[in-house]
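Take a look at the letters that make up each chain.
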Amino acid sequence: MRKLTYFIACSIDGFIGDESGDASYMFRFVDEEFFEFLKAEYPETMSTQGRRAFGLDDLANRRFDTVIQGRASYDLALKEGITSPYAHLREYVASRTLKESPDPNVEIVADDLVGKVRELKAEEGAFGIYLCGGSVLAGELVDEIDELVIKAYPVVQGSGMPMFRSGFAISEFELDDVRTFKNGALVRTYSRKR
């Protein structure tokens, strides 16, 4: 059974961006040390365009071969004219409003998102599934998430887009690992308690 991993950046108080989802203020925390960590441990979470810009096209995937993202996250790439932001992965976009995919590498999931995720998790394979965001999608899939990798940056935002936009429900996870960085960032890894 493959794992669904929500790999997300957030503020200390759990926001992944402002109300519109803009998290550009977080980019400043991706310094040399943090970038080396991403490159070594999670290279596939960098967009294809970002990998090319840094000359990292040849980096092998380490953890994921599939990505699922929400329409709002995908729209950020589309606004830049990028139709396949993770071309090095199988790409799925959850959207009830996007009727046709603008790219042959991107499959639109309009109905039964949970069923599609369960189908992907049931596939044989050494690699997992990267849940890229955002808040609404994570809320819809909270019961399917097997692992959380939370990149927490040393800022308090006060309000904005939460990590999960869903109704109140308790889901328990156990802490597996904490990695600290000189710039104050933490990467916490949790597994779902079963």
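Located above this text is the structure these notes cover.
Procedures and definitions
Residues numbered from 1 in each chain as written. Predicted model: local features only at pLDDT ≥ 70, side-chain atom pairs only at ≥ 80, totals over all residues. Heavy atoms only, no water. Core = buried A, V, L, I, M, F, W, Y, C linked by side-chain atoms within 4.5 Å. Buried < 20%, exposed > 50% of the residue type's maximum accessible area, 1.4 Å probe, protein only. Helix = DSSP H or I, 4+ residues; strand = E, 2+ residues; numbered from the N terminus. Contact = heavy atoms within 4.5 Å. Pairing = 2+ DSSP bridges. Axes fitted to C-alpha atoms, helices over the stretch in contact; angles between N-to-C directions. Salt bridge = Lys/Arg side-chain N within 4 Å of Asp/Glu carboxyl O. Patch = residues over 30% accessible without salt bridge, like charges linked within 9 Å, V, L, I, M, F, W, Y side chains within 5 Å. Areas by Shrake-Rupley, 256 points an atom, 1.4 Å probe, with all protein chains shown as cover.

Chemist: Would you mind going over the nonpolar core with me for this structure?
Modeler: Side chains of a nonpolar character, in soluble globular proteins, are inclined to be buried together. Of all hydrophobic cores here, the largest spans 25 residues; its most connected members are Leu4, Tyr6, Ile68 and Leu131. Looking at this core, the elements that each hand over two or more residues are β1 (4–11), β4 (90–94), α4 (113–122), β6 (128–133), α5 (135–140) and β7 (147–153). No other element matches β1, which puts 4 residues into this core. Among residues more than four places away in sequence, those in contact with Leu4 are Ile68, Val117, Lys121, Ile129, Leu131, Leu141, Glu144, Ile145, Asp146 and Glu147.

Chemist: Before we go on, may I ask you to explain the sheet that holds strand β5 (residues 106–109) in this structure?
Modeler: The strands that make up a sheet are held in pairs by hydrogen bonds between backbone atoms, and each pair lies either parallel or antiparallel. Strand order in this open sheet of 8 strands is β5-β4-β3-β6-β1-β7-β10-β9, and the pairing throughout is mixed. Because the sheet does not close on itself, it has two edges, and the strands there are β5 and β9 (173–180). Direction aside, the axes of adjacent strands within the sheet are offset by 25 degrees on average. Relative to β7, β1 is paired through 7 bridges, and the arrangement is parallel. Bridging from a neighbouring strand, Thr5 pairs with Glu147 of β7. Together, β1, β7, β9 and β10 (186–192) form the strand contacts of helix α1 (residues 32–41), whose direction differs from that of β7 by roughly 165 degrees.

Chemist: Please explain the pattern of salt bridges as it appears in this structure.
Modeler: Side chains that differ in sign of charge can pair as their charged atoms come close. Across all of its chains, the model carries 17 salt bridges by this definition. For Arg2, the salt bridge is made with Glu123, and the minimal N-O distance between the two is 3.4 Å. With Arg2 in the segment before β1 and Glu123 in the loop between α4 and β6, this residue pair connects regions lying 121 residues apart in the sequence. We classify Arg2 as buried; its relative accessible area is 3%. Arg96 serves as the salt-bridge partner of Glu140, at 3.4 Å between the closest nitrogen and oxygen. Of the two residues, Glu140 sits in helix α5 while Arg96 sits in the loop between β4 and β5, which places them 44 residues apart along the sequence. Arg96 gets classed as exposed once you look at its relative accessible area, which sits at 60%. Through salt bridges with shared partners, a single network forms among Arg118, Lys121, Glu144, Asp146 and Arg194.

Chemist: Hey, could you run me through a nonpolar patch on the surface in this one?
Modeler: A surface patch of nonpolar side chains, amounting to about 230 Å² of accessible area, comprises Leu175, Val178 and Leu186. Relative accessible area serves as the criterion here: at 40%, Val178 is assigned to the partly exposed category.

Chemist: Looking at this model, I keep getting lost on the pairing of β6. Mind explaining?
Modeler: A regular strand places its side chains so that they alternate between the two faces of the sheet. Within β6, 6 of the 6 residues are buried, leaving the element largely enclosed by the surrounding structure. In terms of strand pairing, β1 meets β6 through 3 bridges, oriented parallel. Counterpart to Tyr6 in the pairing with β6 is Leu131. Bridge count between strand β3 (residues 64–70) and β6: 5 bridges; the pairing is parallel. Its bridge partner lying in β6, Gln69 is registered against Gly133.

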